[in-house]
Amino acid sequence: MIANDCRLDRRTAIRLLLEKRDDLLLVTGLGSTSWDAASVGDDPRNFYLWGAMGSAALVGLGLAIAQPQRRVLVVTGDGEMLM
């Protein structure tokens, strides 16, 4: 059995990840990850893929290749990764 205190609060996690982001580019998948990122505050460095399931990792890879001097963070769910 898993204790309740072992759960990860996604919104707290995304807030901490973006707290000192500098020039970090953020790509989110559809659904919860986009809402979680938007809850921290909209930013022009955020790329929300609302209706493009399965594309977050590919878009993140493309950004990383196109702009190798910048850090890219992709936050998505397990279902999207399976696609």
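Residues numbered from 1 in each chain as written. Predicted model: local features only at pLDDT ≥ 70, side-chain atom pairs only at ≥ 80, totals over all residues. Heavy atoms only, no water.

Trainee: Sorry if this is basic, but what is going on with the sheet that holds strand 2 (residues 46–48) here?
Mentor: Within a sheet, neighbouring strands are paired by backbone hydrogen bonds and run either parallel or antiparallel to one another. The strand order 2-1-3 describes an open sheet built from three strands, whose pairing is parallel. The open sheet has two free edges, formed respectively by strand 2 and strand 3 (72–75), since each of these has just one partner strand. Taken over all neighbouring pairs, the strand axes of this sheet differ in orientation by 15 degrees on average, direction set aside. With three bridges joining them, strand 1 (residues 25–28) and strand 2 adopt parallel strand pairing. Bridged to Val-27 within strand 2 is Phe-47. (Pairing = 2+ DSSP bridges. Helix = DSSP H or I, 4+ residues; strand = E, 2+ residues; numbered from the N terminus. Axes fitted to C-alpha atoms, helices over the stretch in contact; angles between N-to-C directions.)

Trainee: Hey, could you run me through the pattern of salt bridges in this one?
Mentor: Pairing between side chains becomes possible if they bear opposite charge and their charged atoms approach one another. All chains considered together, the criterion is met by five salt bridges. We note a salt bridge from Arg-10 to Asp-36, for which the minimum N-O separation is 2.6 Å. Taken together, the residues Arg-10 in helix 1 (residues 10–18) and Asp-36 in helix 2 (residues 32–40) connect sequence positions 26 residues apart. We classify Asp-36 as buried; its relative accessible area is 4%. For Asp-43, the salt bridge identified is with Arg-45, shortest N-O distance 2.7 Å. Classification of Arg-45 by relative accessible area gives partly exposed; the value is 23%. Overlapping salt bridges bring together Arg-10, Arg-11 and Asp-36 as one network. (Salt bridge = Lys/Arg side-chain N within 4 Å of Asp/Glu carboxyl O. Buried < 20%, exposed > 50% of the residue type's maximum accessible area, 1.4 Å probe, protein only.)

Trainee: Even after reading the chapter, I still don't get the nonpolar core, so can you show me in this structure?
Mentor: It is characteristic of soluble globular proteins that their nonpolar side chains tend to be buried jointly. Within the largest apolar cluster, seven residues are counted, these being Ile-14, Leu-18, Leu-24, Leu-26, Ala-37, Tyr-48 and Val-75. Residues in contact with Ala-37, not counting those within four places in the same chain, are Ile-14, Leu-26, Thr-28, Asn-46 and Tyr-48. Counting five residues, the second largest nonpolar core, distinct from the first, contains Leu-25, Val-27, Leu-49 and Ala-56. (Core = buried A, V, L, I, M, F, W, Y, C linked by side-chain atoms within 4.5 Å. Contact = heavy atoms within 4.5 Å.)

Trainee: How should I be thinking about the side chain of Thr-33 in this particular structure?
Mentor: Residue position: Thr-33 is located in helix 2. In this structure Thr-33 comes out as buried when scored by relative accessible area, which is 10%. Apart from the residues within four sequence positions on either side, Thr-33 is in contact with Thr-28, Val-75, Thr-76 and Gly-77.

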